[in-house]
Amino acid sequence: MASKLLARRSRKFPGTRAITALLLREMSTTYGKSPGGYLWAVLEPVAAVSLLSIVFSFAFRKPPIGNDFALFYGTGFMPFVLYNDVTRKVGVSIRFSRQLLAYPSVTFVDAILSRFILNYLTQAMVALVFMTGLIVLVDANVILDWGAIAQAMSMAAALALGLGVMNCFLIHMYPVWDQIWTIINRPAFILSGVLFVIDDISEPYRSILLYNPIAHIVMQFRAGFFVTYDAVHVSQTYVYTISIICMFFGLLLLSRYNRYILNEAP
């Protein structure tokens, strides 16, 4: 019995050490190699939301929800960026850590988890800093629903991890999928309701847009900032179901073709 417990601990400890080492490597290579590092991660949404606010303020008298354009577009832009960035980073986990995966103590799960943890925490921190600064700057009288915000962040994390794992297999088995996914994901910025409120769209187009799981995350996130907005069309079950299915098949396929991807795939 004691030997079994020691064996389990010995297997868990190297995994934890590998993830920690990969996290530190990711931090130094992704955010430590350029001036500003994490500062640029914050400045990017600031520039994007500022541009959206200026452009659409000339076209409309007021945003679809609330009275401030920056707050409206910020609550749509930040959850989308979190999902998009984490999905993209997780999708190339094996490519990023291919040399380290030659060591027996480092597995593809370690590579995926390290990239997911660091990039999700980074984007969550950016979202917190950006939205806090935005609320203070525009002096918005906002009643925050922390439960709705936390649920949206959880949904974004699950979807990003699930799609990222599936993309991790597809990208490394079929390199052209990286370009295909980029093309598929481009209209998602518009179709996810970042620039408008899906609730205002008439049927049957609203039902079609609700097949997009990112739209549910955006609506849930906005519900945490606008007390007058009731996100009645959000389906948390739908988002988590898609996430679990993608993660299950992604891990299954990666486990099956792991050796081929490391040794023979381009």
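Residues numbered from 1 in each chain as written. Predicted model: local features only at pLDDT ≥ 70, side-chain atom pairs only at ≥ 80, totals over all residues. Heavy atoms only, no water.

Re the pattern of salt bridges
With the rule as written, the count across this model stands at three salt bridges. Here Arg-88 makes a salt bridge to Asp-85, at a shortest N to O gap of 3.0 Å. With a gap of three residues between them, Arg-88 and Asp-85 both fall in helix H3 (residues 69–91), about one helical turn apart. We note a salt bridge from Asp-85 to Lys-89, for which the minimum N-O separation is 3.5 Å. With Asp-85 and Lys-89 both in helix H3, this residue pair falls four residues apart, about one helical turn. Each of the salt bridges in this network shares a partner with another, and the network as a whole consists of Asp-85, Arg-88 and Lys-89. (Salt bridge = Lys/Arg side-chain N within 4 Å of Asp/Glu carboxyl O. Helix = DSSP H or I, 4+ residues; strand = E, 2+ residues; numbered from the N terminus.)

Here we look at the packing of aromatic side chains
Under the defined criterion, the tally for this structure stands at 10 aromatic pairs. Between Phe-72 and Tyr-73 the ring centres are 5.1 Å apart and the planes differ by 75°, which places this aromatic pair in the edge-to-face class. The class for Tyr-73 is buried, based on a relative accessible area of 1%. Here the aromatic rings of Trp-177 and Trp-181 are separated by 6.2 Å at their centres, their planes lie at 35°, and the arrangement is tilted. Linking Trp-177 with Trp-181, this pair stays in helix H7 (residues 176–185), spanning four residues, or about one helical turn. Three or more aromatic residues joined by ring pairs make a cluster, and in this case those are Phe-77, Phe-80, Tyr-83 and Phe-189. The ring of Phe-72 is capped by Arg-222, whose NZ or CZ atom sits 3.9 Å from the centre of that ring. When the ring centre of Tyr-257 is taken as reference, the NZ or CZ atom of Arg-256 above it lies at 4.9 Å. (Phe/Tyr/Trp six-rings, centres within 6.5 Å; stacked < 30°, edge-to-face > 60°. Buried < 20%, exposed > 50% of the residue type's maximum accessible area, 1.4 Å probe, protein only. Lys NZ or Arg CZ within 6 Å of the ring centre and 35° of its normal.)

Concerning the side chain of Thr-87
Examined against the element boundaries, Thr-87 turns out to sit in helix H3. A relative accessible area of 1% means that Thr-87 is categorised as buried. Of the polar contacts made by the side chain of Thr-87, one reaches the backbone oxygen of Tyr-83; its length is 2.7 Å. When near neighbours in sequence (up to four residues on either side) are disregarded, Thr-87 contacts Ala-160, Leu-163, Gly-164, Asn-167 and Trp-181. (Polar contact = N/O pair within 3.5 Å; in protein donor to acceptor, adjacent residues only side chain to side chain. Contact = heavy atoms within 4.5 Å.)

Regarding a nonpolar patch on the surface
Taken together, the side chains of Val-109, Leu-113, Ile-117, Leu-121 and Leu-251 define a hydrophobic patch exposed on the protein surface, amounting to about 350 Å² of accessible area. Tallying contributions element by element places helix H5 (residues 108–138) first for the nonpolar patch, with four residues. (Patch = residues over 30% accessible without salt bridge, like charges linked within 9 Å, V, L, I, M, F, W, Y side chains within 5 Å. Areas by Shrake-Rupley, 256 points an atom, 1.4 Å probe, with all protein chains shown as cover.)

A few points about the packing of H3 against helix H6 (residues 146–173)
Taken N-terminus to C-terminus, the directions of H3 and H6 make an angle of 30°; their axes are 7 Å apart at the nearest point. Considering their axes alone, H3 and H6 lie roughly parallel with respect to each other. Seen along the crossing, H3 lies across H6 with a hand that is right-handed. Along its contact with H3, which presents Leu-82, Tyr-83, Val-86, Thr-87, Val-90 and Gly-91, the element H6 presents Met-153, Ala-156, Leu-159, Ala-160, Leu-163, Gly-164, Val-165, Asn-167, Cys-168, Ile-171 and His-172. A per-class count over the contact of H3 with H6 returns 12 nonpolar, five polar and no charged. (Axes fitted to C-alpha atoms, helices over the stretch in contact; angles between N-to-C directions. Parallel < 35°, antiparallel > 145°, perpendicular 65-115°, else oblique. Left-handed = near helix turned anticlockwise from the far one by under 90°. Nonpolar A, V, L, I, M, F, W, Y, C, P; charged D, E, K, R; others polar.)

Details of H6
In this model H6 runs 40 Å from its N-terminal to its C-terminal C-alpha over 28 residues, within 8% of the 40 Å that 1.5 Å per residue would give. The buried count for H6 comes to 23 of 28 residues, which makes it a mostly enclosed element. (Expected span 1.5 Å × (residues − 1).)

Comments concerning the side chain of Asn-212
Considering the arrangement of structural elements, one finds Asn-212 in the loop between helix H9 (205–209) and helix H10 (213–223). Here Asn-212 falls in the buried class, since its relative accessible area comes to 15%. Side-chain polar atoms of Asn-212 contact the backbone nitrogen of Ile-214, separated by 3.1 Å. Apart from the residues lying within four places of it in its own chain, the contact partners of Asn-212 are Ala-188, Leu-191, Ser-192 and Tyr-238.

Considering the environment of Tyr-257
Topologically, Tyr-257 is positioned in helix H11 (residues 236–263). By relative accessible area, Tyr-257 is classed as partly exposed at 30%. In contact with Tyr-257, not counting residues within four places along its chain, are Phe-169 and Met-173.

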